[in-house]
Amino acid sequence: MRKGIKILGKVFSAAVLLLIIVPVALSLLLDIPAVQNYAVHRAARFVSRKLETTVSIDRVDIGIFSKVRVKGFYVEDYQRDTLLYVGKLDAFITSFGIFGGGLELSRGEIADARLYLRQTPGGEMNIKQIVDRISDPDKPKKGNFRLSLKKASIENMDLCLERLDHRDPEHGIDFSHMHLYGITARVDDFTIDGQAIYTSIVAFSARERSGFVLNHLAGRFYMTQGCLGFENASIITPRSNVNFPFVSLAGDSWAQYKDFIGEVRIDASMRNTTVSTDDIAFFAPKLRDWHVDFTDVNVEVAGVVSDFTGRIRSMQIGEGMTLVADASVKGLPDIRKTRFDLSVPRLRSTARAVDELALGIAGRKLSDKLVGVLGNSGQIDLNARFRGLLSSFDMQLGAATGVGNVSCNLKMAPVKGGLSSVRGDVETRNLRLGELLDRRDLLGNATLTAYVDGVIGRGVADANVVGNVTQLGFNGYVYDSLRLDGRLRNREFDGRITARDPNLDFDFFGTVDLNDSVPRYDFTMDLRHADLARLHVNRRDSVSQLSGRIVAAAGGRSLDDLNGRIQVTDARYRYNDKEIAAASMTVTGENSERSKFVELRSDFADVTFRSKTSYRTVFEYLRRSAWKYLPMLGGEKWEETPSERKAAVANDFSLLSVNIRNFNPVADAVSTGLQIADGSSLP
């Protein structure tokens, strides 16, 4: 018995000693690099066989209970290309989470890593093939995985995302073949808790193969249960500095992201931001040639893509243009059915700002004439409201400038045949046209209203137009009571124009058609009274009053292409203490490139002219002849130069017939004392 107890005691002592020595020995063995690398290489070969691809580790160094260093970790995809390579990984473990709490690391560092995510010929991503081989969908889940990392860093990492079909854009990022180089990142408090991920990004930088450079990204990131976003985020590039107090995407679950436009809510705020279209162009190549900077940007957005609101609290566009606006947009992505409610309380600009914006967007400056007009207007303050569809809307627009104000209302709605109805009005008050157009010598202030009601579309513009001018300064006189009422079809006007000014009273009825290369007109004008002296048309005579009736049915831009008849009846002209009266004056023209004919029939003279030469050439010849043979008429001495000599036209001729009668009153009205004997003629 005693011997048995002694043997049992030795066995028990040996067992206790074994339980103490073996763990210590194993720990000492595992702390030996050769043993560690042997075990890791065996494990790598096992995983390679399990995954049926290459998994390898160059070297591993495991410290007792804390530090793990891995060098040359490599995973190959099933196309025999690199999936993942990590040059160096250092992890400092504080808890394995055996008794709960998950895996905890005080620090993690990755350097010289490469991750290539590529679409396979079968359409799957290469990483999904690996993950599917590892995971077992039939294996029950044991609870949420938890990992916490106090500090982490990445140095010199490359990330490639490539699909089979490349877009290969001329400019900008190819989202089917993205490649980020030189990724450097530092994060704090990185945590994975089941489906939730959150961390503080201290710094992130990279460059993309398109040339886009991200100098700095920072902010608090979170992702959980269908929600993800940033708080206090900043993005810095060589040309932009973007600050987001918050930006979030929120759905009830990740499944709702299948209907991102209608189910995922976006909330974002941008503050004190500078954005360059040179950066935006990497994502929207159409902006490549804009070269415009948006500064002092303060914007808020809320809602889903199909129904959202936005507010621009402030924005400076280029140099000197500022914008404040509110927007509500409902109906995207179908732009034809999208309803807009846009309010622009202020859009302030100057001529220089508009010119620089045009140069940035269109690549060329505005014309000098237009820049001059904008410059004369001074500071421009616009306000606008737009409600409705792009094809059916109600819009109000106002402009306050340094030379006066303009307001406009416009309504548009579709009608049959691809046309749209248009109704609107324009109003100005004391608009200083002379300053605006730099013609102070000719133009003064203008106050007017205009109304339009018609249809447009498919090269057609057909509208009824009504205009009222209550004030118009012209040539030193202020007109009032002018009215236009008619129909405007493209460039043809058919209607009535009236004047009830104290010094100008007339009615115009008829058509003026400018649609063709040669204007056409068919009208009647009753001129009851025109005081040419007070209108400053005649500044020589103190009394100069005209009346008459004009009927025109002709076409042409000048005498050279005049065809038709213009008749003046019951004409009276009173000047000083004299008066001229004419019962009828008629001008008839029949002209073409080959022949010219014009005839005047009146109470004072009858004139007929036929020729193959243009009237301009004939009149120039007569003027120069008069200077040559009648020096008393004045004018500079003229001598014909070789370049001014005209080649003779074959069979050219000019026939002028003039028969004068009772012309002295007309001659005296033109030049006091000038007389021509009755019966004078010029065959």
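Q: Could you give an account of the overall build of the chain, naming the residues involved and the relevant values?
A: Scanning the chain from N- to C-terminus turns up 10 helices and 34 strands. Among the 683 residues that make up the chain, the fraction classed as buried is 33%. Across the chain, contacts joining residues at least 24 apart in sequence account for 44% of those joining residues at least 6 apart. Accessible surface, the chain as shown: approximately 41100 Å² in total, 58% of it carbon and sulfur.

Q: How would you explain the pattern of salt bridges if you had to name every residue and give the values?
A: In the structure shown here, the tally under the stated rule is 43 salt bridges. In this structure, aspartate 507 engages arginine 528 in a salt bridge whose closest nitrogen and oxygen atoms are separated by 2.5 Å. On the criterion of sequence distance, the pair formed by aspartate 507 in strand 26 (residues 504-513) and arginine 528 in strand 27 (residues 520-531) is long-range, its members being 21 residues apart. Owing to a relative accessible area of 6%, aspartate 507 belongs among the buried residues under this scheme. Here arginine 534 makes a salt bridge to aspartate 531, at a shortest N to O gap of 3.8 Å. On the basis of relative accessible area, arginine 534 is assigned to the exposed category, the value being 54%. For aspartate 531, a relative accessible area of 7% corresponds to the buried category. Each of Arg496, Arg500, Asp505, Asp507 and Arg528 takes part in a single network of salt bridges with overlapping partners.

Q: Which residues make up the side chain of threonine 277, and what values go with them?
A: Its place among the elements puts threonine 277 in helix 5 (residues 277-280). In this structure threonine 277 comes out as buried when scored by relative accessible area, which is 1%. Once residues within four sequence positions are removed from consideration, threonine 277 is found in contact with Leu287, Trp290, His291, Val292 and Phe294.

Q: Could you give an account of the nonpolar core, with specific residues and numbers?
A: Among the nonpolar cores identified, the biggest contains 25 residues, and Tyr479, Leu504, Phe506, Tyr521, Phe523, Met525 and Leu527 are the most heavily contacted of them. Listed by contribution, the elements that provide at least two residues to this core are strand 23 (477-479), strand 26, strand 27, strand 28 (544-555), strand 29 (563-575) and strand 30 (578-589). Residues contacting tyrosine 521, with those up to four places away along its chain left out, are Thr511, Val512, Ala552, Ala553, Ala554, Gly555, Gly556 and Leu562. Counting 19 residues, the second largest nonpolar core, distinct from the first, contains Val60, Leu149, Leu214 and Leu217.

Q: Describe the confidence of the model for the chain, listing the residues and the values that go with them.
A: Chain-level statistics for the chain give a pLDDT mean of 83 and a share of 82% at 70 or above. Of the regions scoring below 50 in pLDDT, residues 643-650 engages in 5 contacts with residues more than four places distant in sequence or in other chains.

Q: Break down the environment of phenylalanine 340 for me, citing the residues and quoting the values.
A: Tracing the backbone through its elements, the reader meets phenylalanine 340 in strand 16 (residues 339-349). Since its relative accessible area comes to 13%, phenylalanine 340 is described here as buried. Between the C-alpha atoms of phenylalanine 340 and valine 329, which are 11 residues apart in sequence, the distance is 4.8 Å. Those residues in contact with phenylalanine 340, other than ones at most four positions away along the chain, are Ser328, Val329, Ile335, Phe386, Arg387, Gly388 and Leu390.

Q: How would you summarise unusual backbone geometry if you had to cite specific residues and measurements?
A: Along the chain, leucine 332 connects to proline 333 via a cis peptide bond; the corresponding omega equals 15°. For asparagine 430, which is not glycine, the phi torsion reads 50° and is therefore positive. Note that asparagine 430 resides in strand 20 (residues 420-432). Using a relative accessible area of 41% as the deciding quantity, one classes asparagine 430 as partly exposed. The backbone phi angle of asparagine 490 is positive, close to 55°, even though this residue is not glycine. Along the polypeptide, asparagine 490 turns up in the loop between strand 24 (482-489) and strand 25 (492-501).

Conventions we followed
Within any chain, residue numbers begin from 1 and follow the written order of that chain's sequence. Owing to the predicted nature of the model, reporting of local features is limited to residues with pLDDT of at least 70; listing and counting of side-chain atom pairs is limited to 80 or more, with chain, interface and lining totals taken over all residues. Computation of side-chain values: all heavy atoms of the structure, hydrogens and water removed. A run of H or I in DSSP becomes a helix once it reaches four residues, and a run of E becomes a strand once it reaches two; helices and strands are each numbered from the N terminus. Buried, partly exposed and exposed residues are distinguished by accessible area as a fraction of the type maximum, computed with a 1.4 Å probe on protein chains only: under 20%, between the cut-offs, and over 50%, respectively. Should any heavy atoms of two residues lie within 4.5 Å, those residues are considered in contact. Residue burial considers only the protein chains on display, and all accessible areas are found by Shrake-Rupley using a 1.4 Å probe. Any Lys or Arg side-chain nitrogen found within 4 Å of a carboxyl oxygen on Asp or Glu counts as a salt bridge. Here, nonpolar core refers to any group of buried Ala, Val, Leu, Ile, Met, Phe, Trp, Tyr and Cys residues whose side-chain atoms link them within 4.5 Å. Scored between 0 and 100, pLDDT is the confidence that the predictor attaches to each residue.

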